[in-house]
Amino acid sequence: MATLATLCRNFEKMNTVEKNTTPSPVEKPEAWLSPGRVLLLVAALFVAAFPGVIFGTSSFFRLDYGVIGFPALNHFVESVRSTKIPLWNPYSNCGAPFLAQWGTMCLYPGNVLLLLFPLPWALGVFSLAHLVLGAAGMGRLARHWTGDAVAAAFAAFAFVFNGAVLSSLIWPNYCVALAWMPWLVLVMQRTWRDGGRWLPVAALIGAMQMLVGVPELVLLTWVFIGGLWLVDRKQAKSQPLWLISIPAVVLLVTGLSAAQLLPFFDLLDQSQRAGAFHDPRWPMPIWGWANFFVPLFHYFESTQGFNIQQGQIFLSSYYPGLAVIAFAFLAIWRKRDARTWLLLGLTLFVMILALGSQGILYALLVKFVPGGGVVRYPIKFVLLTSLTLPLLAAIGIAAFRSDAAEKEPRRYRDLTAVIVAVIIEVLLLVALAHGLANSFDMLPQLRLNTAGRLILFGLCMLAFLKGGNAEIAPRLRRIYLTLALIFLGADLLTHLPNQNPAVPASVLSSEIDLPGRPRFTGTMQRAMISPAAEQALLRSSVTPWNADLTGKRLALWSNLNLLENVPKVNGSMTLRQGYQDELQKRLYPDDPATAPAAEGLKDFLGVRWFTREGEIIAWAERAGALPLVTAGQATRPAPDTDALLDELVSTNFIPDEHVWLNADTAKPRVTATVTNLIFGSGKLQFEVEAEAPSVAVIAQSYNRNWQARVNGGHRSVLRANHAFQAVEIPAGKSYVRLDYVDRAFWNGFAISALSALLCLSWITAEILRSRRNRA
């Protein structure tokens, strides 16, 4: 039998297996398991699991999908359709950069689907279509590694229906990043094996993953590629670009992504996360490894009917399927080569890192490795197992199917042993769950769910064995192998009830009309959710689900104000201006009972609508809200941060009388009038007439990319009232214009355009050379 090292040598085409692959004795009857048929089966299971999402009658909504991701992408779509580049978002957090957030996916080419088709249907299909793309990549990768169509099909199913991958449906950008992961691994391997001909293709795929803003998955992908590069060094050393293949691709990916990365790092430097990007919350519980075998081990059911792991809520599941674990064990037992050890080592490594400080490695990583804290929540490390475990399973399947006839008894004995081991492990963990049970555990549901896993596991393995029986007619073997895939998919799609529920699409797409809802007519005055309502909405347990989401939309919670184009004091932008975030924390303390009245600050911020007293989603109009731009206030040098924040939320703050500036200047109050205010996304202009030199104060978050012109001449934008903007104006009548000029974006755009031109020229040259060689 050829070794995996031989299997990995010099593959010629993307659609062919590697050279020297020894065909399985039963390969021909199963040759119909082509990538196209496998993907059709994947798509069919998605249609069966999410019919409403596929046909547009319903939409995903759970957690971040409905209140953060969908509203942000809807804002992006509306901006682009109105021919605007969404650099600045005037509606959230008193104004915040939008494109620079990275996770908004503004520059991802695949967004054309969202621009061409109606939302919310387009976003659901966008996410599922990318998972199908990921299944195609995993199938190709597994086929190249093993030369076995059945192993490749199982790997594709194990990847796309993995619990962690299905958990990621609530984040469309995670679906995209996961989808490109196996493709990037596959093409990078071609790059260092084929002398660099695939280098520009690898760079383009790497940029696709980079542009969607999931740095954790980008890092994990490249860690995997680095390990594979070391494993493959013996086969690839003869190629001239072997040593520099990874640095060259990383450099090109950086260039292609510069239009996104440069604005992001500029915003990061000004944000609340500057210098402290990591977040140790939500590690895998110390007993969390049990959930690889028993999905509901130490889970509890929320009042809304969602099953949640006790100790972390970021990933709803990371269950890989018992059949996948069994075949992975078989690979470790039967195929102990460098690639198998790499997959096993990386799997154990990220499982330990996912434990956070409980596993020691995470604390060492954050402390001693530069950038080690880029994975914000430790549980995210487990996402790499969605790549490593399917590949291990594929190796195990290929090893089982490629054994010669004389090894027949041994291979069945080994497979039986791992099946029994998995069943024993599951039963022991069920017994342990009863022994460690607390008041939150769902023991009856756990027993029933585990029984379902074992039944589907048994059916999957039985169908797999029947499909490999050479004494059975080829047509029946095809049916059995198809059933094995279906049972695997069914196990993963049903292992966690209500993992990805849906609500009627109208909840997100229809206009909601309710008396008392904030309505604005171009004044840029704001709505403000009360601290008590903010906490209640965060912990909402309203049922049914569509009522909960409708209530949150009426309350303009999180990013849902973007659906209504209503400006709001707070919001859910991932990165906020650091100064604005400090002020927001004073307005929204952890204990709502200690929140200051801050009536003067509310007036300054233009808060025209505030949550009605004692209510959560009802609004009350308030008097005293100032316009977006005021002028003529007495100026005072700003004191230290804590003292200034205390002043701003106190009853002493009268915003139309005085303003604190980050400049050593003090001017008396003068009479001034602001007229002809015109504002848009990233621009603001007005006229002001003052009896003496003074300042115009803009109640919009300060960002150093804003530039001001007064009567055609440049003026500095000062930081006013800790987190906002001011411009000095002369006596008399002045014309003032402010523009958000993101030089980082435009510089990055130039770099990205040149990098794209280089890659496309390279690819074109390679195609022309290939045609000449064939001629």
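Computed from a prediction, not measured in an experiment: that's the story for all the values here. (Residues numbered from 1 in each chain as written. Predicted model: local features only at pLDDT ≥ 70, side-chain atom pairs only at ≥ 80, totals over all residues. Heavy atoms only, no water.)

**Side note on the overall build of the protein chain**
Counting secondary structure elements, the protein chain contains 29 helices and 20 strands. Computed over its C-alpha atoms, the radius of gyration of the protein chain comes to 29 Å, within 12% of the 28 Å expected for a compact globule of 775 residues. Seen along its three principal axes, the alpha-carbon backbone of the protein chain occupies a region of about 100 × 65 × 50 Å. Considering only contacts in the protein chain between residues 6 or more positions apart, those separated by 24 or more positions represent 77%. Split by element, the accessible area of the protein chain, about 30,200 Å² in all, is 61% carbon and sulfur. A gap of 12 Å separates the mean positions of the 65 positive and 51 negative side-chain charges of the protein chain. (Helix = DSSP H or I, 4+ residues; strand = E, 2+ residues; numbered from the N terminus. Rg over C-alpha atoms; globule rule 2.2 N^0.38 Å. Contact = heavy atoms within 4.5 Å. Areas by Shrake-Rupley, 256 points an atom, 1.4 Å probe, with all protein chains shown as cover. Lys, Arg positive; Asp, Glu negative; His and termini not counted. Charge placed at Lys NZ, Arg CZ, Asp CG, Glu CD.)

**Focus: the pairing of strand β12 (residues 658-661)**
The alternating pattern of β12 places His658 and Trp660 and Val659 and Leu661 on opposite faces, both of which are buried. Here 4 bridges tie strand β11 (residues 634-637) to β12, and the two strands are oriented parallel to one another. By the bridge assignment, Ala634 is partnered in β12 with His658. With helix α28 (residues 641-648) bridging β11 and its parallel neighbour β12, the resulting β-α-β unit is right-handed. (Buried < 20%, exposed > 50% of the residue type's maximum accessible area, 1.4 Å probe, protein only. Pairing = 2+ DSSP bridges. Right-handed = clockwise from strand over helix to strand, strands pointing away.)

**Re the packing of aromatic side chains**
Throughout the structure, instances matching the rule amount to 36 aromatic pairs. Considering the side-chain rings of Phe327 and Phe464, the 4.9 Å spacing of their centres and the 70 degrees angle between planes classify their relative orientation as edge-to-face. Of this pair, Phe327 sits in helix α15 (residues 322-334) while Phe464 sits in helix α20 (residues 443-467), placing them 137 residues apart in sequence. The exposure class assigned to Phe327 is buried, which follows from its relative accessible area of 1%. Taking the relative accessible area as the measure of exposure, Phe464 reaches 3% and is therefore buried. An aromatic cluster is present here, built from Phe46, Phe50, Phe60, Tyr65, Phe157 and Phe161 joined pairwise through their rings. The residue whose ring lies beneath Arg336 is Trp333, and the NZ or CZ to ring-centre distance is 4.8 Å. (Phe/Tyr/Trp six-rings, centres within 6.5 Å; stacked < 30°, edge-to-face > 60°. Lys NZ or Arg CZ within 6 Å of the ring centre and 35° of its normal.)

**Some words on the packing of α15 against α20**
The geometry of a pair of packed helices is captured by two quantities: the angle between their axes and the separation between those axes. At a closest axis distance of 9 Å, the pairing of α15 and α20 adopts a crossing angle of 55 degrees. Viewed along their axes, α15 and α20 adopt a mutual orientation that is oblique. In this structure, α15 contributes Leu322, Ala323, Ala326 and Phe327 to the contact, and α20 contributes Arg453, Leu454, Phe457, Cys460, Met461 and Phe464. A class-by-class count of the residues in the contact of α15 with α20 yields 9 nonpolar, no polar and 1 charged. (Axes fitted to C-alpha atoms, helices over the stretch in contact; angles between N-to-C directions. Parallel < 35°, antiparallel > 145°, perpendicular 65-115°, else oblique. Nonpolar A, V, L, I, M, F, W, Y, C, P; charged D, E, K, R; others polar.)

**Here's the deal with the sheet that holds strand β16 (residues 706-710)**
In spatial order, the strands read β13-β14-β20-β16-β17; together these 5 strands make up an open sheet with antiparallel pairing. The sheet terminates laterally at β13 (672-680) and β17 (713-715), the two strands that pair on one side only. Strand-to-strand, the axes of this sheet are offset by a mean angle of 25 degrees, without reference to chain direction. Sheet topology places strand β14 (residues 683-690) next to strand β20 (residues 732-740); 8 bridges connect them, and they run antiparallel. Within β20, the residue paired with Val688 across the bridge is Ser734.

**Quick look at the pairing of β13**
With 7 bridges joining them, β13 and β14 adopt antiparallel strand pairing. If you follow Ile678 over to β14, its bridge partner there is Gln685. Remark: 2 residues form the turn of the hairpin made by β13 and β14, two consecutive strands paired antiparallel; Gly682 in that turn has positive phi of roughly 90 degrees.

**Some points on unusual backbone geometry**
The peptide bond linking Leu119 to Pro120 adopts the cis configuration, its omega dihedral lying at 5 degrees. Locating Pro120 in the fold gives a position in the loop between α5 (112-116) and α6 (121-146). In this structure, the amide linkage connecting Thr543 to the following residue, Pro544, adopts the cis form with an omega of -5 degrees. Within the fold, Pro544 resides in the loop between α23 (531-538) and α24 (545-554). With phi around 60 degrees, Trp282 is a residue other than glycine that occupies positive phi space. Residue position: Trp282 is located in the loop between α14 (258-270) and β4 (299-301). Here Asn711, not a glycine, exhibits a phi torsion of approximately 55 degrees, which is positive. In this structure, Asn711 sits in the loop between β16 and β17.

**A word on the sheet that holds strand β8 (residues 607-611)**
The strand order across the open sheet formed by 3 strands is β7-β8-β9, and the pairing between neighbours is mixed. Whereas interior strands pair on both sides, the edge strands pair on one side only; in this sheet they are β7 (526-528) and β9 (619-621). Sheet twist, expressed as the average angle between the axes of neighbouring strands with direction ignored, equals 30 degrees. For β7 and β8, the ladder comprises 3 bridges, and the chain directions are parallel. Paired with Ala527 across the strands is Trp609, a residue of β8.

**Focus on the state of the cysteines**
Under the defined criterion, the tally for this structure stands at 0 disulfides. Free cysteine Cys106: the closest other cysteine sulfur is in Cys175, separated by 18 Å. Since its relative accessible area comes to 8%, Cys106 is described here as buried. (Disulfide = S-S within 2.5 Å.)

**Some points on the nonpolar core**
One finds Phe46, Phe154, Phe224, Phe464 and Leu738 to be the most contacted residues of the largest nonpolar core, which totals 246 residues. When residues of this core are assigned to their parent elements, the largest contribution, 14 residues, is made by helix α9 (residues 172-193). (Core = buried A, V, L, I, M, F, W, Y, C linked by side-chain atoms within 4.5 Å.)

**Considerations on α15**
Helix length check: α15 (13 residues) gives 18 Å between terminal C-alpha atoms against 18 Å at 1.5 Å per residue, within 8%. Counting buried residues along α15, 11 of its 13 residues qualify, which places the element largely inside the surrounding structure. Inspection of α15 places Leu322, Ala323, Val324, Ile325, Ala326, Phe327, Ala328, Leu330, Ala331, Ile332 and Arg334 among the buried residues, and these make up the whole buried set. (Expected span 1.5 Å × (residues − 1).)

**A few points about the confidence of the model for the protein chain**
Summarising the model, the protein chain shows a mean pLDDT of 90, and 91% of its residues fall at 70 or more. Here residues 1-27 is a poorly scored stretch, pLDDT under 50, and it has 76 contacts once near neighbours within four places are set aside; other chains count. (pLDDT = per-residue confidence, 0-100.)

**Section: a nonpolar patch on the surface**
Side chains of Phe349, Ile360, Leu361, Leu364, Phe368 and Val369 sit close together on the surface and give an oily, nonpolar patch of about 550 Å² of accessible area. Ranked by residue count, the leading element in the nonpolar patch is helix α17 (residues 361-368), at 3 residues. What makes Phe368 exposed here is its relative accessible area of 58%. (Patch = residues over 30% accessible without salt bridge, like charges linked within 9 Å, V, L, I, M, F, W, Y side chains within 5 Å. Salt bridge = Lys/Arg side-chain N within 4 Å of Asp/Glu carboxyl O.)

**Section: the pattern of salt bridges**
One pass over the structure, following the stated rule, counts 22 salt bridges. Here Asp269 ties to Arg704 by a salt bridge, and the two come within 3.0 Å at their closest N and O atoms. In this pair, Asp269 sits in helix α14 while Arg704 sits in the loop between β15 (694-698) and β16, placing the two residues 435 residues apart along the sequence. Between Arg586 and Asp642 there is a salt bridge; the shortest N-O distance is 3.7 Å.

**A look at the packing of α6 against helix α7 (residues 149-160)**
Close contact between α6 and α7 brings their axes to 7 Å; oriented N to C, the two are set at 145 degrees. Regarding α6 and α7, the two cross each other, and that crossing is right-handed. Residues Leu131, Val132, Gly134, Ala135, Met138, Gly139, Ala142, Arg143 and Thr146 of α6 form the contact with α7, whose own contacting residues are Ala149, Ala151, Ala152, Ala155, Ala156, Phe159 and Val160. Looking at the contact of α6 with α7, its residues break down into 12 nonpolar, 3 polar and 1 charged. (Left-handed = near helix turned anticlockwise from the far one by under 90°.)

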